[in-house]
Amino acid sequence: LAGKFAPLFSRADVMKYGQNIKFDLQVLRKYGIEVKGPLFDTMIAHYLLDPEQPHNMDHLSRVYLNYLPIPIETLIGKKGRSQMTMRLVDVQLLKNYACEDADVTWKLSRILSEKLKEEKLENVFREIEMPLVPVLADMEFQGVKLDVNALREQSAILKNELQQAEKEIFTMAGSSFNLNSPRQLGEVLFEKLKIIENPKLTKTKQYSTNEETLQKLAGKHPVIDKILEYRMLQKLVSTYVDPLPDQINPLTRRLHTSFNQAITATGRLSSTNPNLQNIPIRDAKGREIRKAFVASSENHVFFSADYSQIELRLMAHFSGDAIMQEAFRNNEDIHRTTAAKVFKVAPEEVSREQRNKAKTANFGIIYGISAFGLSERMGIPRSEAKQIIDSYFETFPGVKDYMNQCIFTAREKGEVYTLTGRRRKLPDINSQNSVVRGNAERNAINAPIQGTAADIIKIAMINIHNEFLKRGLKTKMLLQVHDELNFDVPKEELEEVTALVTSCMEQAMPLNVPLTVETGVGRNWFEAH
DNA sequence: CCTGACTCGC
DNA sequence: ATGCGAGTCAGGT
């Protein structure tokens, strides 16, 4: 049956409609059918119209067609052990379901297509989101090779350290308990050992034992450092080292993530099953895990390319701030330059501490931070934080104006936009509740920046994918981590691919500051990054 | 099966 | 009380 439709699917002049059409592409691919040409995904169309709403078909059908489709549960049962597969469903029931599914998708597409046009979202839909679908499908299909032995070795070492830490903690605490239970840990620390007077509580009145809280208590009792060590080791083992090998597909022997294109409020992708966008890097022990993400063979290398400071560069672009733009045009170390200007010292006189504070301030700015937040983050008094912020805005007056402009636009339009016209609605921007309103104001500043960065890397991915195809390269794009792309490259293609990827990423969108890309290469992700 | 606390990434 | 995500575990239903 699939064969009869194959010629239609391969026609570049026929639009293919679907709800979550990446899934259909992948199913058809299993039957050797390559789908070509323009796509229309109702899920993604609705995501662009209102990213924070649900995008499942039942919801869309109810809202736009005033119709409740046959729930899939009536065919295959509820989720869980007893759920059947589509193959086992009576063919007459399946026919009704499938035809209705196609009909609802088509009817939705008529309505959503019109709305995209009316709301000036057709361009980002047609030129970015739809062309990205087959790119992501290819990346997911390709998968990444995992060195299982490397992880097994790490697992053995970490579990030893974990046992040792656990033993020492129980000795210091004078009893055993479930260390993975924050509640039990809190009772031991604050009721049994009584390490401080008035412990911080969570919103549900439990003792707070999170990392930030424990860091502040580190000097009070030697057990605290051990607990922090235990937490780190436990996280590495239970989230990465042990589960990852179990998620390898036995047929392909690769790890295949899913990239979700219709989840985030800002336009970023997200990654699940497994999430390969949060593999550890900051901590040395965690970073070792990246050694297990390897090139597909001895003749291939793992190649990584990431944007340098893309969000701050976008702040410089949007704000038009002359000082910040100049720093990027001269390819300066932006945190050092910021520190020099904010603390009024020569760039070469900037201390490590000053640079770190400037770095925190730069990130805080993108997120719309307050003096309070900055003081917490830097571990300094609020008055000092306020001085830094004042000095920051004196240094970069355009940034301050731009931030106010974002909030003004949001109040007027009830939404904010990225460079491609992608939008985020901000219904709370005029809320009477200052907490709720403050949140919307930070979104108004952050969403255009984070969202434009997402637009840019999506454009780069599409162009890179097309160039690979056009030039007949065997290199495969594997992973996207928000400002970074990773590839499996045959050694003989490395030179060409490095130039091509760098160029596609740097030239993805013209801005009034340059975008720069840093690349790395090695046998694995650890070496490449 | 759900929620909260926690911790990993950009 | 700085933005955006996902996974694990405990502990409750």
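For the structure, check the block above.
This structure is a prediction, so every number in the text was calculated from the model and none was measured.

J.: In this structure, what is going on with the packing of helix H17 (residues 352-367) against helix H21 (residues 434-471)? I would like to understand it.
T.: Two elements in contact, H17 and H21, have axes whose closest approach is 7 Å; the angle formed by their N-to-C orientations is 105°. In this view, H17 runs roughly perpendicular relative to H21, as classed from their interaxial angle. Facing H17, whose interface residues are Ile365, Ile366 and Tyr367, H21 presents Arg442, Ile445, Asn446 and Ile449. Looking at the contact of H17 with H21, its residues break down into five nonpolar, one polar and one charged.

J.: So what exactly am I meant to see when it comes to the protein's contact with DNA strand B here?
T.: Taken together, 22 residues are adjacent to DNA strand B, and Thr204, Thr209, Glu211, Lys235 and Ile281 come closest. For DNA strand B, the fraction of protein-proximal atoms (within 4 Å) that sit in sugar or phosphate groups is 82%. Contacts to DNA strand B include Thr202, whose side-chain N or O atom sits 2.9 Å from a phosphate oxygen. Within the backbone of Ile281, a nitrogen or oxygen atom sits 2.6 Å from a phosphate oxygen of DNA strand B. Ranked by residue count, the leading element in the surface near DNA strand B is helix H11 (residues 223-241), at three residues.

J.: Got a minute to help me understand the pattern of salt bridges in this structure?
T.: If charged atoms from side chains of opposite charge come close, those side chains can pair. In the structure shown here, the tally under the stated rule is 31 salt bridges. Two residues, Glu52 and Arg424, come together in a salt bridge whose shortest N-O distance is 3.2 Å. In this pair, Glu52 is assigned in the loop between helix H3 (42-49) and helix H4 (57-65) and Arg424 in strand S11 (residues 423-425), connecting sequence segments 372 residues apart. Of the residues examined, Arg424 reaches a relative accessible area of 12% and is grouped as buried. As a salt-bridge pair, Lys216 and Glu376 come within 3.8 Å of each other at their nearest N and O atoms. A residue pair is termed long-range when its members are at least 10 positions apart, and Lys216 in helix H10 (residues 211-216) and Glu376 in helix H18 (residues 371-378) qualify at 160 residues. When its relative accessible area of 59% is taken as the criterion, Lys216 is described as exposed. Residues joined in a network through salt bridges with shared partners are Glu129, Arg422, Asp455 and Lys458.

J.: What exactly am I supposed to notice about a nonpolar patch on the surface here?
T.: There is a patch of nonpolar side chains on the surface, built from Leu1, Phe5 and Leu8 and spanning about 350 Å² of accessible area. Inspection of the secondary structure assignment puts Leu1 in the segment before helix H1 (2-9).

J.: Would you mind showing me how to read the protein's contact with DNA strand C here?
T.: Ser181, Gly373, Arg377, Arg424 and Arg442 are the nearest of the 34 residues found near DNA strand C. Within the side chain of Ser270, one N or O atom sits 3.0 Å away from a phosphate oxygen of DNA strand C. Put simply, the parts of the chain that give the surface near DNA strand C at least two residues each are helix H9 (182-192), H11, strand S7 (270-272), H17, H18 and H21. When residues of the surface near DNA strand C are assigned to their parent elements, the largest contribution, six residues, is made by H21. Here the surface near DNA strand C is built from residues that sort into seven nonpolar, 21 polar and six charged.

J.: What am I meant to see in the packing of aromatic side chains here?
T.: Two numbers describe a pair of aromatic rings. These are the distance of the centres and the angle of the planes. On inspection of all chains with the given rule, the structure shows 13 aromatic pairs. Relative to Trp525, the ring of Phe293 lies with its centre 5.3 Å away and its plane at 75°, an arrangement referred to as edge-to-face. Of the two residues, Phe293 is situated in strand S8 (residues 293-294) and Trp525 in helix H23 (residues 525-528); the sequence distance between them amounts to 232 residues. Pairing Tyr392 with Phe393 gives two aromatic rings, centres 6.0 Å apart and planes at 90°, and the pair type is edge-to-face. Per residue, the accessibility class of Tyr392 equals that of Phe393, and both read buried. Here the aromatic cluster, defined as three or more aromatic residues joined through ring pairs, consists of Tyr17, Phe40, Trp106 and Phe125.

J.: What should I look at first to understand H11 in this one?
T.: Each turn of an α-helix holds 3.6 residues, which means side chains three or four residues apart point in the same direction. Across its 19 residues, H11 extends 25 Å between first and last C-alpha, which sits within 8% of the 27 Å expected from 1.5 Å per residue. Among the residues making up H11, those that are buried are Val223, Ile224, Lys226, Ile227, Leu228, Tyr230, Leu233, Leu236, Val237, Tyr240 and Val241. At its buried positions, H11 is contacted by helix H8 (148-173), H9, H10, helix H12 (243-246) and helix H13 (284-287).

J.: Would you take a moment to explain the environment of Phe487 for this structure?
T.: Assignment of secondary structure puts Phe487 in strand S13 (residues 484-490). Not counting residues up to four positions away in its chain, the partners in contact with Phe487 are Val301, Phe302, Phe303, Ile464, Phe468, Thr475, Lys476, Met477, Leu478 and Val501.

J.: Explanation requested: the nonpolar core in the structure shown.
T.: Among the nonpolar cores identified, the biggest contains 134 residues, and Phe293, Tyr307, Met324 and Ile464 are the most heavily contacted of them. Setting aside residues no more than four positions away along its own chain, Met324 makes contact with Leu312, Met315, Ala316, Ile334, Tyr392, Phe396 and Val399. In terms of nonpolar packing, the next biggest core, distinct from the first, is built from seven residues, Leu426, Ile429, Ala440 and Ala447 among them.

J.: I keep staring at the environment of Ile248 and nothing clicks. Help me out?
T.: Here Ile248 is to be found in strand S4 (residues 248-249). In this structure the C-alpha to C-alpha distance between Ile248 and Leu146, which are 102 residues apart in sequence, comes to 8.0 Å. Residues contacting Ile248, with those up to four places away along its chain left out, are Leu146, Val148, Arg253, Arg254 and Leu255.

J.: Help me understand the sheet that holds S13, please; the structure alone is not making it clear to me.
T.: For sheets, the rule is that strands pair by backbone hydrogen bonds, running either parallel or antiparallel. The four strands are arranged S12-S13-S9-S14 in an open sheet whose pairing can be described as antiparallel. Bordering the open sheet on either side are strand S12 (476-480) and strand S14 (517-522), each of which pairs with just one other strand. In this sheet, adjacent strand axes meet at a mean angle of 20° when their direction is disregarded. Examined bridge by bridge, strand S9 (residues 300-307) and S14 share six bridges and lie antiparallel to one another. Residue pairing in the sheet places Tyr307 in a bridge with Val517 of S14. Lying on the sheet, helix H22 (residues 494-506) is in contact with S9, S13 and S14; it crosses S9 at an angle near 20°.

Conventions and cut-offs
- Residues numbered from 1 in each chain as written.
- Chains lettered and ligands numbered in written order.
- Predicted model: local features only at pLDDT ≥ 70, side-chain atom pairs only at ≥ 80, totals over all residues.
- Heavy atoms only, no water.
- Axes fitted to C-alpha atoms, helices over the stretch in contact; angles between N-to-C directions.
- Helix = DSSP H or I, 4+ residues; strand = E, 2+ residues; numbered from the N terminus.
- Parallel < 35°, antiparallel > 145°, perpendicular 65-115°, else oblique.
- Contact = heavy atoms within 4.5 Å.
- Nonpolar A, V, L, I, M, F, W, Y, C, P; charged D, E, K, R; others polar.
- Near = heavy atom within 4 Å.
- Polar contact = N/O pair within 3.5 Å; in protein donor to acceptor, adjacent residues only side chain to side chain.
- Salt bridge = Lys/Arg side-chain N within 4 Å of Asp/Glu carboxyl O.
- Buried < 20%, exposed > 50% of the residue type's maximum accessible area, 1.4 Å probe, protein only.
- Patch = residues over 30% accessible without salt bridge, like charges linked within 9 Å, V, L, I, M, F, W, Y side chains within 5 Å.
- Areas by Shrake-Rupley, 256 points an atom, 1.4 Å probe, with all protein chains shown as cover.
- Phe/Tyr/Trp six-rings, centres within 6.5 Å; stacked < 30°, edge-to-face > 60°.
- Expected span 1.5 Å × (residues − 1).
- Core = buried A, V, L, I, M, F, W, Y, C linked by side-chain atoms within 4.5 Å.
- Pairing = 2+ DSSP bridges.

Geometry only, nothing functional implied.
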